[in-house]
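The chain contents come next:
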Amino acid sequence: MDTIRKLEILSDAAKYDASCSSSGSARPALSGGLGNGAVGGICHTWAADGRCVSLLKVLLSNACAWDCAYCVNRRSNDVSRAGFEPEELVRLVIDFYKRNYIEGAFLSSGVTGCPDTTMERLISVARTLRVRERWNGYLHLKAIPGASEQLVAEAARWADRVSVNIELPSAESLGSVAPDKSPRAIFSVMRSLARAGGFEPRRLLPTDVTPSSVPSSNPGSTAFGNLPAVSGAAAERVPVYDVRLASTDRPSVMEVRKDRRRNPEAAVLPAGQSTQLVVGASPESDAVILGLAENLYLAYDGRRVYYSAFVPTTPDPRVPALPGPPLLREHRLYQADWLFRFYGFKADEILSADRPFLDADLDPKCAWALRNLDRFPVDVNRADYLELLRVPGIGPRSASRILRARSGSALKPEALQALGVVMKRAAFFVTCSGTVPRIAGSMKSANPEAAFARAALVDGAREKLGGTQLEFDWDASA
Amino acid sequence: MNGAEGTIVYHGSFPGFLCACAEALNSREPAPRVLDARVEPTLFEARFQVARDDERAAALWDRISNRAGSQAMVTVLEAFLSGMPGADASLATVLRKLWRKGAKALDDLSDGDVLAVEKAALRARQEGHKFCGLVRFSKLSDGSWYAPVEPSCDVLPLIAEHFSTRFSSMRFAIHDLARGSAIIHEAGRPCSLVEGFHLDAATTQDGGRPDPEAELSRGEKEIRALWSLYFRAIAIEPRRNRRLQMSHMPRKYWSRLTEMGPD
Ligand code: SF4
């Protein structure tokens, strides 16, 4: 088979992994070598589905011994199979990189033989790129669940990022949909990766403690003070799949990430680990998914959690036959994830057991604001950075611009737009030292009256992405 | 506006602009406007031309950067390179403020000129960042690499270091076709920016311009084909979203992108 045909099969087989990020690494250029890392990441093009392409994302082989129901490459699916020769793949990476087509590569593979032999093959391509080719571009390697700690550590040595995908948001779904993968196999790789990056993974809640029995306030305690941190693999009780919502005295993901000192020029895993959750292939609610994501950020120092709308390829009775990928749901989950990482929100502020799904019509921050009207309006001339961040229509950039701009003179409502505030949303939630902005196209001035504000805050996401809501009889399929 | 006080005009280049600013700084309040000579004069405008003098420009640059620091000077350069209409006039005003108050002058976002400068700088910075990804090299038969680009802002000065660090052992040129400028890099050396660049090519197109397509190295077309194939294969059909694609990568960039060629 020639390279072009292999590339066609093996990139097609790899494309359902959402991660294409190239940020987080500032791997320096070597003299006489090729390439370096760009800490902010660089997109090189955008595919017809609008997603950024920055990496050559391919499988080394799509022959797979396992049978995960959501995956095109599963053993029981009838597709063409192919595999790259290691040299062939090395050439492709270098040829593409020198032309500035790509920022680096994301190499993964179906499980050929056992997890360890598959890992070894991936590692050997990585080693050739780094050592023989003196290539310092961005490298993302996939770890195979169940691979030995030693091989995971070696992958971490060559790569900027290593990821292992959880895919199914509960142990139960994993068991029925991906029978060859166990929580133990996945989470032990995540632990090894956290350790390779210099982070001791933590157990956030002991399995026999329910959220309500955790004291809700614990004055004077430091972060994690009342949460037992378990170290050492021997002490781990597996399978760990703690997807309960966070207790209220947990730190936010943003706080914890701010406190983590990172070195983007580090030789080992500068861009950390990430994982992916498939949305819509199993019955878990958004609350369960976000609770799990929060735990992954806090307990394993996960750098990114990707949410991938399930794309039904060829039918399998273990997963629903959706009319199309649930893109709207995926979009809202990403927005909520953004609130963890950059806005200081916690999972239980966004969703709770009695409100398990994100609002389809509102961005989760607007939805939160409308449920918490007692915290508004916020005076933009007084509020601190974190309070500003909580205002719909104000983001990290406009919040810091507000702080800069008001140090000169008090801001008036007319000035906010120019600072990057989206007044269409913010007008309901702010004052400028008592002056209330006008709502465009209405005689009303802001004073958020919930029904009126809600109607005005609905965004267009449903029209653009909606259509594929879940209507699948989960019980019947079990 | 204050046409009676006169307008100082310069010819295109950044050093020329700085000389005009130096002249404006020396004049009494209200400060004269600084304009690109290519802007059509208004009816009652008294224009005064300043010649480009690189030493004078460098002296002003050093003076202001001693007061305002290098971060602010990056913003100054970016704002100028944006080429946005009116950005230069605002920038001249802002340079005056930087000279007086130092870097904190840039914090006063309630000032229209500061805001305009910041906007312009952001635009150039973003386009520069985008071109770190959108530059496409082709390998020529002599082993060197050539990338034609057509950015809206004059981004070459902003991206030169990125490319010469990344491809330090490659001999390459990144050629801004509209402005005629180019980043030239020889293996293991720092890069240089040249004006009026011409590709040294044996083959020419109709009209006598050099034809890089006729100078490609062997195998170049095959690698382009692999890349175009990869680009098509990676899109997920049920997620197709041309509008989103175009919002990230406007059509004006497509003609220079290998993968966006006619399929
Ligand atoms: S292990 Fe599962 S997810 Fe991975 S390639 Fe095989 S079938 Fe697909």
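Computed from a prediction, not measured in an experiment: that's the story for all the values here.

## Thoughts on helix 2 (residues 86–98) of chain A
No. 1: Counted at 1.5 Å a residue, the expected span for helix 2 of chain A with its 13 residues is 18 Å, and the 19 Å between its end C-alpha atoms agrees.
No. 2: Among the structural elements, helix 1 (3–12), strand 3 (55–59), strand 4 (104–108) and helix 3 (115–132) of chain A together with helix 5 (156–166) and helix 6 (220–234) of chain B are those in contact with the buried residues of helix 2 of chain A.
No. 3: Looking one or two residues beyond helix 2 of chain A, the residue adopting positive phi is Asn 100 of chain A, at roughly 65°.

## A word on the domain arrangement of chain B
No. 1: The domains assigned to chain B are domain 1 (3–128), domain 2 (135–216) and domain 3 (218–263).
No. 2: With centres defined by C-alpha atoms, the gap from domain 1 of chain B to domain 3 of chain B works out at 39 Å.

## Structural notes on the site of the ligand
No. 1: Taken together, Cys 64, Trp 66, Cys 68, Tyr 70, Cys 71, Asn 73, Arg 74, Gly 110, Val 111 and Lys 181 of chain A make up the full set of residues adjacent to the ligand.
No. 2: A class-by-class count of the residues in the shell around the ligand yields six nonpolar, two polar and two charged.

## Here's the deal with the environment of Arg 99 of chain A
No. 1: Following the sequence through the fold, Arg 99 of chain A ends up in the loop between helix 2 and strand 4.
No. 2: Expressed as a C-alpha distance, the spacing of Arg 99 of chain A and Pro 396 of chain A, which sit 297 residues apart in the sequence, is 35 Å.
No. 3: Every residue in contact with Arg 99 of chain A, bar those within four places of it in the chain, is listed here: Val 135, Arg 136, Phe 137, Lys 139, Trp 145, Glu 220 and Ile 223 of chain B.

## Notes on the interface of chain B and chain A
No. 1: Between chain B and chain A, the residue contacts involve 52 residues of the former and 55 residues of the latter.
No. 2: At the junction of chain B with chain A, the criterion picks out six salt bridges.
No. 3: Among the ionic pairs, Glu 103 of chain A bridges to Arg 166 of chain B, the shortest N-O distance being 2.6 Å.
No. 4: Our count for the contact surface shared by chain B and chain A stands at 26 residue pairs in polar contact (both at pLDDT 80 or more).

## Let's talk about unusual backbone geometry
Residues and elements named next belong to chain A.
No. 1: In this model, Phe 376 is joined to Pro 377 through a cis peptide bond whose omega is -5°.
No. 2: Tracing the backbone shows Pro 377 in the loop between helix 11 (364–371) and strand 9 (378–379).
No. 3: The residue Asn 100 is not glycine, and still its phi comes out positive at about 65°.
No. 4: Residue classification places Asn 100 among the buried residues on the basis of a relative accessible area of 0%.
No. 5: One non-glycine residue, Leu 269, lies in positive phi territory at about 50°.
No. 6: As for its placement among the helices and strands, Leu 269 is situated in the loop between helix 7 (253–259) and strand 7 (273–279).

Rules and cut-offs
- Every chain is numbered independently, its residues counted from 1 as its sequence is written.
- Chains carry letters from A onward and ligands carry numbers from 1 onward, assigned in written order.
- The predicted origin of the model limits local features to residues at a pLDDT of at least 70 and limits the giving and counting of side-chain atom pairs to 80 or more, whereas totals for whole chains, interfaces and linings rest on all residues.
- Heavy atoms from the whole structure form the basis of all side-chain values; hydrogens and water molecules are not counted.
- The way it works is that DSSP assigns letters per residue, a run of H or I at least four long becomes a helix, a run of E at least two long becomes a strand, and they are numbered from the N terminus.
- The length a helix should cover is 1.5 Å for every residue beyond the first.
- The criterion used for residue contact is that any of the two residues' heavy atoms lie within 4.5 Å.
- For each domain, the first and last residues come from an automatic or database assignment.
- When we say a residue is near a molecule or strand, we mean one of its heavy atoms is within 4 Å of it.
- Under this grouping Gly is polar, as are all residues other than the nonpolar Ala, Val, Leu, Ile, Met, Phe, Trp, Tyr, Cys and Pro and the charged Asp, Glu, Lys and Arg.
- One side-chain nitrogen of Lys or Arg within 4 Å of one carboxyl oxygen of Asp or Glu is enough to make a salt bridge.
- A 3.5 Å cut-off defines polar contacts: any pair of N or O atoms within that distance qualifies, except that in protein one atom must be a possible hydrogen donor and the other a possible acceptor, and neighbouring residues in sequence count only when both atoms are side-chain atoms.
- Residue exposure (1.4 Å probe, protein chains only): buried if accessible area is under 20% of the type maximum, exposed if over 50%, otherwise partly exposed.

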